[in-house]
Amino acid sequence: TMDEAEFSRAARLAHLRGAGLAKGDPIAPPLVMASTYHLPGDPAGVSHQYGRPDNPTVEALEAALGLLEGAEAIAFPSGMAAISAAFFALLKAGDRVLVPSDGYYTTRLVADRFLKAFGIVADTRPTATFADGGFAGYRMVYVETPSNPMLDICDLAAIARGAHEAGALVVADNTTMTPYGQRPLDLGADIVVAADTKAPNGHSDVLFGHAATRDAGTAEAIRAWRKLAGGIPGPFEAWLVHRGLETLELRFDRMCGTAESLAPRIAAHPAVGAVRYPGLPGDPSHNLARTQMNRFSFLVGLTLQSADAAERFIAGCPLIQPSTSFGGVHTSAERRARWGDAVAPGYVRLSVGCEPAEDLWKAIEASLDDLRD
Ligand SMILES: *Cc1c(COP(=O)(O)O)cnc(C)c1O
């Protein structure tokens, strides 16, 4: 077995499966499409009994995600399925949950439309001042940092300490950072949830998610929810995410490095108003970002003069794919106010992809220059 102290997670991930192979086994995990397994007689102790709880391809992916998280990982068919599992497996009538008012919109909708109906009270607070007011009375404190789409951040370690003192479970949505960029479980969170739809898969062709925890009872509850409620990931999607994970470190490093080099140049362009990027020394989240994030992320928020200027910037840049979502190999962007987010009409969330940085800058600069005509 590979020494945790000696090798990085990325290095160990590349050889995780290889370490257990027999002569003649495929290096890549087989894609096992199975709803049923050969199961004569007494089923007790047989590893694979039925497709809802058991699939070898999903298990290979969970092993890889588990290595990256340093925790037990449970795979889900989407990020929202993982988030919903954390809610529905761990909350009950009479509980209170605190969620960000400026995080992923659908998380708030689930809390508001469905948790409420089961007698769970859901309150909201802005990410930038999330700890203000304390956590007394909460069963679950759910954070997202940096928040999507405004890229505010909150202090994970301080929130985990305060929430634990109040007896609450801490859930962190780590989608924007991935396990390479930020490690909420190391900072005290009890559960990480994430949309692997984004950078972990990275190729804009799969919806996927996972929850991870170091507490065996919590993992059992989330796994039981998945098995009984039936939101099971498909083997082919799991196989694709496994393939994506093998290059995540490489892609994430390139994407964050390019974002770091572009953000100051975008901020200095005369057509651009405010820029949000945790890596910029003037950003309100910069000091905290330096202490709790390993990288400053691949997302850059820029505010242009108007909705029209923002749309023209996106449409006029040949190396920007206009689309919602983020984390793909292709640089993409969208004007978030088109979905009703509480941001300026000209606010653009740019997801920096894997194109060579100077090509990307040339295209972005030209499209910003055109706004002045
Ligand atoms: C996309 C996203 C989700 C939801 O993921 P899906 O795979 O679309 O269900 C949750 N949280 C954040 C921060 C996201 O960006």
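About the thresholds
- Residues numbered from 1 in each chain as written.
- Predicted model: local features only at pLDDT ≥ 70, side-chain atom pairs only at ≥ 80, totals over all residues.
- Heavy atoms only, no water.
- Axes fitted to C-alpha atoms, helices over the stretch in contact; angles between N-to-C directions.
- Helix = DSSP H or I, 4+ residues; strand = E, 2+ residues; numbered from the N terminus.
- Left-handed = near helix turned anticlockwise from the far one by under 90°.
- Contact = heavy atoms within 4.5 Å.
- Nonpolar A, V, L, I, M, F, W, Y, C, P; charged D, E, K, R; others polar.
- Buried < 20%, exposed > 50% of the residue type's maximum accessible area, 1.4 Å probe, protein only.
- Arc of directions from axis to C-beta.
- Near = heavy atom within 4 Å.
- Polar contact = N/O pair within 3.5 Å; in protein donor to acceptor, adjacent residues only side chain to side chain.
- Phe/Tyr/Trp six-rings, centres within 6.5 Å; stacked < 30°, edge-to-face > 60°.
- Core = buried A, V, L, I, M, F, W, Y, C linked by side-chain atoms within 4.5 Å.

Draft legend 1. Layout of the packing of helix H9 (residues 248-268) against helix H12 (residues 357-370). As a packed pair, H9 and H12 sit with axes 10 Å apart at the nearest point and diverge in direction by 35°. The hand of the H9/H12 crossing is right-handed. Across the interface between the two elements, Arg254, Thr258, Ser261, Leu262, Arg265 and Ile266 of H9 pack against Ala357, Glu358, Leu360, Trp361 and Ile364 of H12. For the contact of H9 with H12, a count of residues per class yields 6 nonpolar, 2 polar and 3 charged.

Draft legend 2. Structural view of helix H4 (residues 105-115). By the burial criterion, the buried members of H4 are Thr107, Val110, Ala111 and Leu115. Here the buried residues of H4 occupy an arc of 95° about the axis, which is enough to place them on one side. Against helix H3 (79-90), strand E2 (96-100), strand E3 (121-125) and strand E4 (140-144) lie the buried residues of H4.

Draft legend 3. Seen up close, the site of the ligand. Residues in close proximity to the ligand total 15 residues, the closest being Gly79, Met80, Asp173, Thr197 and Lys198. Aspartate 173 is positioned such that a nitrogen or oxygen atom in its side chain is 2.7 Å from a nitrogen atom of the ligand. Of the residues assigned to the shell around the ligand, the class counts are 7 nonpolar, 5 polar and 3 charged.

Draft legend 4. Region of interest: the packing of aromatic side chains. For the coordinates displayed, the defined rule picks out 7 aromatic pairs. A centroid spacing of 5.5 Å and a plane angle of 40° characterise the contact between phenylalanine 87 and tyrosine 142, whose relative ring orientation is tilted. Note that phenylalanine 87 is positioned in helix H3 and tyrosine 142 in strand E4, a separation of 55 residues in sequence. Here phenylalanine 87 matches tyrosine 142 in class, with each residue buried. Residues phenylalanine 88 and phenylalanine 118 carry aromatic rings whose centres are separated by 5.9 Å and whose planes lie at 85° to one another, so their mutual orientation is edge-to-face. Of this pair, phenylalanine 88 sits in helix H3 while phenylalanine 118 sits in the loop between H4 and E3, placing them 30 residues apart in sequence.

Draft legend 5. Layout of the nonpolar core. Among the nonpolar cores identified, the biggest contains 64 residues, and Leu245, Ile266, Leu302, Leu304, Phe313, Leu350 and Ile364 are the most heavily contacted of them. Secondary-structure elements contributing two or more residues to this core are helix H2 (56-69), strand E1 (72-76), helix H8 (235-246), H9, strand E9 (299-303), helix H11 (307-315), strand E12 (347-351) and H12. Top contributing element to this core by residue count: H9, with 8 residues. What leucine 350 contacts, discounting residues up to four positions off in sequence, is Ile266, Phe298, Leu299, Val300, Leu302, Ile320, Thr331, Ser332, Ala333 and Ile364.

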